[in-house]
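Understanding the architecture of this molecule
Below, each chain spelled out in residue letters.
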Amino acid sequence: PLGHVVVVGAGFAGLAAARYLREWSAGNIKVTVIEPNLQFISCPQSNLVLGGSRTLDELSFSYDVSRKQHQLQWLQDSVTSIDLAAKQVRLTRGSLAYDRLILAPGVDFDYSHIPGMSSPVAAIPHAWKAGSQTLRLRRQLESMADGGVFVMTVPKAPYRCPPGPYERACQVAHYFKQHKPRSKVIILDANADITSKKGLFLQSFEGDYKGIIDYHNNSDILQLDSASNTIKTDFETVQATVLNVIPPQLAGKVAQEAGLANVDKHWCEVDFVTYASSLNDCVHIIGDSISAGLPKSAHMATSQAKICAAAIIDLQTGRPPNPLPVFANTCYSFVDDKQAMHVANVYRYDPAKKTMVSAEGGGVSSKASVQEGDYAQAWAQNIWADTLT
Ligand code: FAD
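Conventions used here
Residues numbered from 1 in each chain as written. Predicted model: local features only at pLDDT ≥ 70, side-chain atom pairs only at ≥ 80, totals over all residues. Core = buried A, V, L, I, M, F, W, Y, C linked by C-beta atoms within 7 Å. Buried ≥ 20, exposed ≤ 12 C-beta atoms within 10 Å, placed from the backbone. Helix = DSSP H or I, 4+ residues; strand = E, 2+ residues; numbered from the N terminus. Near = placed C-beta within 6 Å. Nonpolar A, V, L, I, M, F, W, Y, C, P; charged D, E, K, R; others polar. Axes fitted to C-alpha atoms, helices over the stretch in contact; angles between N-to-C directions. Parallel < 35°, antiparallel > 145°, perpendicular 65-115°, else oblique. Contact = placed C-beta atoms within 7 Å. UniProt positions renumbered as here; feature names shortened; annotations may be inferred. Pairing = 2+ DSSP bridges. pLDDT = per-residue confidence, 0-100.

Another aspect to go through is the nonpolar core. Core analysis: the largest hydrophobic core is formed by 115 residues, its most contacted members being Val 8, Ala 17 and Ile 286. When residues of this core are assigned to their parent elements, the largest contribution, 11 residues, is made by helix 8 (residues 298-317).

Take the site of the ligand next. Looking at the ligand, there are 35 residues lining it, with Gly 9, Gly 11, Cys 43, Gly 106 and Gly 287 nearest. At the level of elements, helix 1 (12-24), helix 2 (46-51), helix 8 and strand 21 (326-334) are the ones that each hand at least two residues to the shell around the ligand. Residues of the shell around the ligand, tallied by class, amount to 18 nonpolar, 13 polar and four charged.

A few words now on unusual backbone geometry. Put simply, Ala 157 and Pro 158 share a cis peptide bond, and its omega is 0°. Mapped onto the fold, Pro 158 is located in the loop between strand 11 (149-154) and helix 5 (164-179). Residue Lys 87 is not a glycine yet carries a positive backbone phi of 55°. By secondary structure assignment, the location of Lys 87 is in the loop between strand 6 (79-83) and strand 7 (88-91). Of note in the backbone geometry, Asn 229 takes a positive phi value of approximately 55° without being a glycine. Note that Asn 229 resides in the loop between strand 14 (223-225) and strand 15 (230-232).

Relative to each other, helix 1 and helix 9 (residues 370-388) sit at 55°, their axes nearing to 8 Å. The angle between the axes of helix 1 and helix 9 places the two elements in the oblique class. In this structure, helix 1 uses Phe 12, Leu 15 and Ala 16 to contact helix 9, whose residues at the interface are Asp 386, Thr 387 and Leu 388. Here the contact of helix 1 with helix 9 is composed, by residue class, of four nonpolar, one polar and one charged.

So, about the UniProt feature "domain: Flavocytochrome c sulphide dehydrogenase flavin-binding" (unreviewed entry) in the protein chain. Mapped onto the present numbering, the UniProt feature "domain: Flavocytochrome c sulphide dehydrogenase flavin-binding" (unreviewed entry) falls on residues 324-388. Secondary structure content for residues 324-388 is 29% helix and 40% strand, while the C-alpha to C-alpha distance between its ends is 27 Å.

This brings us to the sheet that holds strand 1 (residues 4-8). Pairing is mixed across the open sheet formed by six strands, whose spatial order is 5-2-1-9-20-19. The open sheet has two edge strands with one neighbour each: strand 5 (73-75) and strand 19 (276-277). Across three bridges, the pairing between strand 9 (residues 100-103) and strand 20 (residues 280-285) is parallel. Residue pairing in the sheet places Ile 102 in a bridge with His 284 of strand 20.

So, on to the pairing of strand 22 (residues 340-350). With nine bridges connecting them, strand 21 and strand 22 associate as antiparallel partners. If you follow Ser 333 over to strand 22, its bridge partner there is Met 341. The hairpin turn running from strand 21 into strand 22, its antiparallel successor, is five residues long. By the bridge criterion, two bridges tie strand 22 to strand 24 (residues 363-364) in an arrangement that is antiparallel. Considered in strand 24, the bridge of Val 343 is made with Val 364. Of the pairings in the sheet, the one linking strand 22 to strand 23 (residues 355-358) comprises four bridges and is antiparallel in character. Bridge assignment links Asp 350 to a residue of strand 23, and that residue is Thr 355. Between strand 22 and strand 23, which pair antiparallel one after the other, the connecting turn spans four residues, and Lys 354 there sits at a positive phi close to 55°.

For the rest of this paragraph, the subject is the confidence of the model for the protein chain. Put simply, the protein chain has an average pLDDT of 97, and 100% of its residues get 70 or more. Both scores are given for the predicted complex: the pTM is 0.97, the ipTM 0.99.

Okay, the environment of Val 364 next. Mapped onto the fold, Val 364 is located in strand 24. For Val 364, a count of 15 C-beta atoms within 10 Å translates into the label partly exposed. Separated by 20 residues in the primary sequence, Val 364 and Ala 344 place their C-alpha atoms 6.3 Å from one another. When residues no more than four places from it in sequence are discounted, the contact partners of Val 364 are Lys 197 and Val 343.

Okay, here's the thing in structure tokens:
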């Protein structure tokens, strides 16, 4: 009796929102989830697949438990367009009406700013959505001869998972150190600096991985030749044995095409009390697609999902939503198969600035440790349980 919510995308954001909408409305909101993939594959820990201490199977989960447990209506399909005026989504098969729409399509990739690689190249996987590309990149590393060079490019921020590229560099270096000790990792970072856990990553780059990882900042791709795996930057020309280009990112295509990516045509502006789009009250947007000074993480995506679900229940019941949402983000990075380090932050809604601001509390590890590696495993088990059961 409290209406029909259609959720587009069953990643961390969409699936958590669907679950909590059902649970907190005591089943009074009908929820339909639309997701093309058969399985949920976790990006968190997917860098460990490249390092060799995790398999992709261990990070792949069925949607069935959550579907049954929360009586979610489910369509294995994609939304191809949104009719905002008629409050309907079009799928590859048919269409569906909603009272409220939750868009949680994650990120899309923008190749238009990579000279020489204006569209995806199969031999150069980004592996920035966990799945077949993660396996392809792992196979490339396995078949590379000792003495080879792994080159990874990092796009300008904001992109999904700010520390993710540096964690990946450590994982590949960890693999090389054990199995291919004459090999090198070169990071070509388009940013002026490492934007997350800088001091901690530098401890690894200059400590355990000294002579293996070579970090270059301000290294925009001026030209890429995919036939020879060569990249030219302002300062140098680098040839890779294995090349991993992480492309610049923007809001999921379905949000862009609906005209909802209204910040620099890249990201979606929302009201942080309800996650309603600033362009449409009935369309809520959560997860990596939104514009914010917040890190794009799974932890953030599930926190936003909970605020959004609670607000939708309030709105559908005729109550005002909580005007001052608060949440935290903890982000672990593994530097090898066992040791991890974290950064944690608390964010509060600031009504004057109309955004979430970093508040008191939080902190950062002094160094990577095995104990934090155990905490990082527990963090992953918790977020998978919270999202998928
Ligand atoms: P996704 O999880 O990408 O979900 C989007 C879903 O929408 C997908 O299932 C997709 O199929 C679906 N979809 C897209 N378009 C449509 C459409 N038109 N119709 C229907 N469905 C559609 N975060 C952490 O907190 N901790 C970590 O340790 C961490 N490590 C990471 C490591 C790597 C290597 C990477 C790449 C990311 C990592 N992240 C981590 C970030 C985290 O994975 C993302 O922030 C998170 O997945 C965002 O959730 P989302 O729901 O917005 O997007």
